[in-house]
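Fold and contact review
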Amino acid sequence: MITGKASWEDVRDLIEKETGPIRAVTELSEGRNSEISVIVHTDGDATFVKGRRTDHPQAWTQERERIINPLVRHISPALKWSSVNADWDLLGFEYVPGVHADYSPGSRDIPKVISTLLQLQEITCPDIAVKQAGHRWTSYTGTPELLAGTCLLHTDWSPGNVLVGGRAYLVDWAWPTRGAAWIDPACLAVWLIASGHSPHSAESWTARIPSWQNAPAGALDEFARVQALMWAGIAAGSSEPWTKNLARASRQWAAHREAGPSPEENRDE
């Protein structure tokens, strides 16, 4: 994907300084967080390259990815190099073959995603320049202290941010956050509902994460309400169908949390 004013001629020389001569290029259509999103093929190697112009309003997300990558190389493609000039900020990652995760009910990808999430939950976020969960969602809640914690969170569990082959790799660390560990499984729950799961089915997966089970009383209920408010605002300002789907899913989850377990769910337990 090469968007906006970007052109391949603008960045080829900058990339080849890191990779050597490029033999072929595969443009990727996915990816909402880059102006450049390509796989470059050289003699015997391939590299995934993403980037933005240095004057892009969200160019700062490139630095976030540079900071986070050393912490997550066991669950994410490794950053091989980064290159910045007056016009462009580029990141070159290890190429990981795979397809985007399938979150639909019955998918064999979901256990792999849960396994990767469990590994992520083990990472304590160091004192680095990332968002704090309480600050990030403070405009949607009167109890931001519920969101505080020391876990490194990804927070954007779109299927497009998970590559699945023999295992699941988590990509696109544009929004890393420090906060309570249960937040990531809660964010995943919304995406599972958006992909066709009932709230009960989605929670049957996220309940496999210990932090979900250990969340403070009322925390998941409050965060479901926060997600509904956040996605309603995003959808109201967007024409993209996926934002409407997330708004619908988050409303459905919030209503489920507010209603409490049904008699059938209690019998299942």
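Since this is a predicted model, take the numbers as computed values, not measurements.

Applying the stated criterion across every chain yields a total of ten salt bridges. The shortest N-O distance in the salt bridge between Glu65 and Lys50 comes to 2.6 Å. One end of the pair, Glu65, is in helix α2 (residues 60–68); the other, Lys50, is in strand β3 (residues 45–53), with 15 residues separating them in the sequence. Where Arg225 meets Glu222, a salt bridge forms, and the shortest distance between an N and an O atom there is 2.9 Å. Pair noted here: Arg225 and Glu222 are both in helix α8 (residues 219–236), with a separation of three residues, about one helical turn. Bridged by salt links that share partners, the residues Lys50, Glu65 and Asp172 form one connected network.

Attention shifts here to the packing of helix α3 (residues 109–120) against helix α5 (residues 183–194). Here α3 crosses α5 at 160°, and the two axes come no closer than 11 Å. By the angle class used here, α3 and α5 are roughly antiparallel. Crossing geometry of α3 relative to α5 is assigned as right-handed. Counted together, Ile110, Val113, Ile114, Leu117 and Leu120 of α3 and Asp184, Pro185, Leu188 and Leu192 of α5 form the full contact between these two elements. Taken together, the residues of the contact of α3 with α5 sort by class into eight nonpolar, no polar and one charged.

As defined by bridge partners, strand β4 (residues 79–84) adjoins strand β5 (residues 88–94) across five bridges and the pair is classed as antiparallel. Looking at the pairing, Val84 lines up with Asp89 of β5. Connecting β4 to the antiparallel partner β5 that follows it, the hairpin turn spans three residues.

Turning to the sheet that holds strand β9 (residues 162–164), a few remarks are in order. Strand order in this open sheet of three strands is β6-β9-β10, and the pairing throughout is antiparallel. Each edge of the open sheet is held by one strand with a lone partner, namely β6 (99–100) and β10 (168–170). Two elements, β6 and β9, share two bridges in a ladder whose sense is antiparallel. In the sheet register, Val99 faces β9, and the bridge partner there is Val164. Lying on the sheet, α3 is in contact with β6, β9 and β10; it crosses β10 at an angle near 50°.

With that settled, consider helix α9 (residues 241–259). With 19 residues, α9 should cover 27 Å at 1.5 Å per step; its first-to-last C-alpha distance of 27 Å lies within 8% of that length. Listing the buried residues of α9 in full gives Thr243, Leu246, Ala247, Ala249, Ser250, Trp253, Ala254 and His256. Phi turns positive one or two residues past the end of α9, at Gly260, with a value near 85°.

This brings us to α3. Because an α-helix completes one turn every 3.6 residues, residues spaced three or four positions apart along the sequence face the same direction. Here α3 contains twelve residues, and its C-alpha end-to-end distance of 17 Å stays within 8% of the 16 Å for a straight helix at 1.5 Å per residue. Its buried side turned inward, α3 meets β6, β8 (151–153), β9, β10, α5 and α6 (199–206).

What follows concerns the packing of α8 against α9. In helix packing, the relevant descriptors are the interaxial angle and the interaxial distance, both defined with respect to the helix axes. Their axes nearest at 8 Å, the elements α8 and α9 cross at an angle of 155°. Here α8 is positioned roughly antiparallel relative to α9, judged by the angle of their axes. Note on packing geometry: the crossing formed by α8 with α9 is left-handed. Residues Leu220, Asp221, Phe223, Ala224, Arg225, Gln227, Ala228, Trp231, Ala232, Ile234, Ala235 and Ala236 of α8 touch α9, and the partners they reach there are Trp242, Thr243, Lys244, Leu246, Ala247, Ser250, Arg251, Trp253, Ala254 and Arg257. In terms of residue class, the contact of α8 with α9 is made up of 14 nonpolar, three polar and five charged.

In total, this model carries seven aromatic pairs according to the counting rule given. Each ring, one from Trp182 and one from Phe223, has its centre 5.6 Å from the other, and the planes form 80°; the classification is edge-to-face. A residue pair is termed long-range when its members are at least 10 positions apart, and Trp182 in the loop between β11 (177–179) and α5 and Phe223 in helix α8 qualify at 41 residues. Since its relative accessible area comes to 4%, Trp182 is described here as buried. Phe223 gets classed as buried once you look at its relative accessible area, which sits at 0%. Pairing Trp191 with Trp242 gives two aromatic rings, centres 6.5 Å apart and planes at 15°, and the pair type is stacked. Within this pair, whereas Trp191 is found in helix α5, its partner Trp242 is found in helix α9, the two being separated by 51 residues in sequence.

About the thresholds
Residues numbered from 1 in each chain as written. Predicted model: local features only at pLDDT ≥ 70, side-chain atom pairs only at ≥ 80, totals over all residues. Heavy atoms only, no water. Salt bridge = Lys/Arg side-chain N within 4 Å of Asp/Glu carboxyl O. Helix = DSSP H or I, 4+ residues; strand = E, 2+ residues; numbered from the N terminus. Axes fitted to C-alpha atoms, helices over the stretch in contact; angles between N-to-C directions. Parallel < 35°, antiparallel > 145°, perpendicular 65-115°, else oblique. Left-handed = near helix turned anticlockwise from the far one by under 90°. Contact = heavy atoms within 4.5 Å. Nonpolar A, V, L, I, M, F, W, Y, C, P; charged D, E, K, R; others polar. Pairing = 2+ DSSP bridges. Expected span 1.5 Å × (residues − 1). Buried < 20%, exposed > 50% of the residue type's maximum accessible area, 1.4 Å probe, protein only. Phe/Tyr/Trp six-rings, centres within 6.5 Å; stacked < 30°, edge-to-face > 60°.

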